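Survey of secondary and tertiary structure
What follows is the residue order along each chain.
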Amino acid sequence: MDEITQAYGQDKINQVYDILCTPIECTQHSGFKDERKESIEKEKGVIKTTQTYWPEYIDKDTREPFRYKFIPDCDMSDFACGFYEIIYKDLLNGNSIIADNGCFVDKNNAGDTITSVSQLPGLRNRYHCLANFWMIPMEIGRQSKHNLSKTSSKYCIEDYMDRFLLLLKYRYAEYKLSFPNYFSELRIDNFEKMSYIHFLEESYIDKNYDIKQYSDVINKSTEEYLWKCIKKRAEKISNSKFGLELWEYFDRNNLFETR
């Protein structure tokens, strides 16, 4: 029995794993500041959660603040943000993901979906889950206009994780220069450290830190391959030093059907 299993038990590890793989549905905006009403509950095998994130912009002509129509985003839901604040606590230094006004506290710490599945219908009802979410700079994960983003057209990434990881690995020095607050100040010195922090080993990346390529041919088997990657990441996280704290977070929200 390893140290993690001894610390909080295999049953709890299994419970954490199951929640990490449970699909998430974002229901509504939770409100701002004192009016905020956060809700996280499990219903019919789906975790339904509110979302505080609703960014504010400044009109370039009037200089007045405005927001676009609210669009729920599971990887920025209240449930997901609570998850990030646990597994990335060493990077966040006690800071939250979202400020009282619904904007990012720091755009370097933005939730994002690892594997999007627009071409894989068999995953549409299950890919929105914590095991498929991570925290990276907004310009990498959520803004395709940046040449080094996860959806960059310049490098023909098209939001495929294997292509993005190949670009990240072989242009790591360029990423560090482009996003110094994330890579340098947080001492994410190399690709191996990045892989470790994000629990990517043995799923999208093998034990030698080589990227497992899958996007050259997309077919039915790709769905199961990517679902195995998601489940492997859930396994790594549930067996990590953050497992017990995640169990406590899920328990506080009454997400376990049996005790």
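Please refer to the structure placed before this passage.
Description of the structure in this document.

What counts and what doesn't
Residues numbered from 1 in each chain as written. Predicted model: local features only at pLDDT ≥ 70, side-chain atom pairs only at ≥ 80, totals over all residues. Heavy atoms only, no water. Helix = DSSP H or I, 4+ residues; strand = E, 2+ residues; numbered from the N terminus. Rg over C-alpha atoms; globule rule 2.2 N^0.38 Å. Buried < 20%, exposed > 50% of the residue type's maximum accessible area, 1.4 Å probe, protein only. Core = buried A, V, L, I, M, F, W, Y, C linked by side-chain atoms within 4.5 Å. Contact = heavy atoms within 4.5 Å. Salt bridge = Lys/Arg side-chain N within 4 Å of Asp/Glu carboxyl O. Pairing = 2+ DSSP bridges. Polar contact = N/O pair within 3.5 Å; in protein donor to acceptor, adjacent residues only side chain to side chain. Axes fitted to C-alpha atoms, helices over the stretch in contact; angles between N-to-C directions. Phe/Tyr/Trp six-rings, centres within 6.5 Å; stacked < 30°, edge-to-face > 60°. Lys NZ or Arg CZ within 6 Å of the ring centre and 35° of its normal.

**Some points on the overall build of the protein**
Secondary structure assignment for the protein yields 11 helices and seven strands. For 259 residues, the compact-globule formula gives about 18 Å, and the C-alpha radius of gyration of the protein, at 18 Å, lands near that figure. For the protein, the spread of C-alpha atoms along the three principal axes comes to 60 × 45 × 40 Å. A buried classification covers 48% of the 259 residues belonging to the protein.

**What about the nonpolar core?**
Phe79, Leu165, Phe183, Tyr204 and Phe250 are the most contacted members of the largest nonpolar core, which totals 78 residues. The element contributing the most residues to this core is helix H3 (residues 78–87), with seven residues. If we skip the residues at most four places from it in the chain, Phe250 touches Val16, Ile19, Leu20, Phe79, Leu130, Leu255 and Phe256.

**Remarks on the pattern of salt bridges**
One side chain can pair with another of opposite charge once the charged atoms of both are near each other. Evaluated as defined, the whole model comprises 14 salt bridges. Across the pair Glu56 and Arg67 runs a salt bridge whose closest N-O atoms are separated by 3.5 Å. Taken as a pair, Glu56 in the loop between strand E3 (46–51) and strand E4 (57–58) and Arg67 in the loop between strand E5 (65–66) and H3 lie far apart in primary sequence, 11 residues in all. Owing to a relative accessible area of 35%, Glu56 belongs among the partly exposed residues under this scheme. Residue class for Arg67 comes out partly exposed when judged on its relative accessible area of 25%. A salt bridge links Glu245 to Lys89; the nearest nitrogen and oxygen atoms lie 2.8 Å apart.

**Considering the pairing of strand E7 (residues 133–136)**
Here E7 shows a buried face lined by Phe133 and Met135 and a second buried face lined by Trp134 and Ile136. Relative to E7, strand E6 (residues 110–113) is paired through four bridges, and the arrangement is antiparallel. The partner of Ala110 across the bridge, within E7, is Ile136.

**Focus: the side chain of Asp159**
Relative to the elements of secondary structure, Asp159 occurs in the loop between helix H5 (138–141) and helix H6 (161–170). Here Asp159 falls in the buried class, since its relative accessible area comes to 18%. A distance of 2.9 Å separates a polar atom in the side chain of Asp159 from a polar atom in the side chain of Ser116. In this view, Asp159 contacts Ser116, Lys150 and Thr151; residues no more than four positions away in its chain are not counted.

**Describing the sheet that holds E3**
The three strands are arranged E1-E3-E2 in an open sheet whose pairing can be described as mixed. The strands lining the two open edges of the sheet, one partner per strand, are strand E1 (24–29) and strand E2 (40–43). With strand direction ignored, the average angle separating the axes of adjacent strands in the sheet is 25 degrees. Note that E2 and E3 share four bridges and pair antiparallel. Paired with Lys42 across the two strands is Ile47, which belongs to E3.

**Some points on the packing of aromatic side chains**
According to the stated counting rule, one finds 22 aromatic pairs in the structure shown. On the basis of an interplanar angle of 50 degrees and a centroid distance of 5.8 Å, the ring pair of Phe79 and Phe250 is categorised as tilted. With Phe79 in helix H3 and Phe250 in helix H11 (residues 243–252), the pair connects residues that are 171 residues apart, well separated along the chain. Residue Phe79 is classed as buried on the basis of its relative accessible area, which comes to 0%. Between Tyr182 and Phe183 the ring centres are 5.0 Å apart and the planes differ by 80 degrees, which places this aromatic pair in the edge-to-face class. Assigned by exposure class, Tyr182 and Phe183 land together as buried. Cluster of aromatic residues (ring-pair linked, three or more members): Trp134, Phe164, Tyr172, Tyr175, Phe179, Tyr182 and Phe183. Between the NZ or CZ atom of Arg67 and the centre of the ring of Trp54, over which it lies, the distance is 6.0 Å. Taking NZ or CZ as reference, Arg126 lies 4.7 Å from the ring centre of Trp227, over its face.

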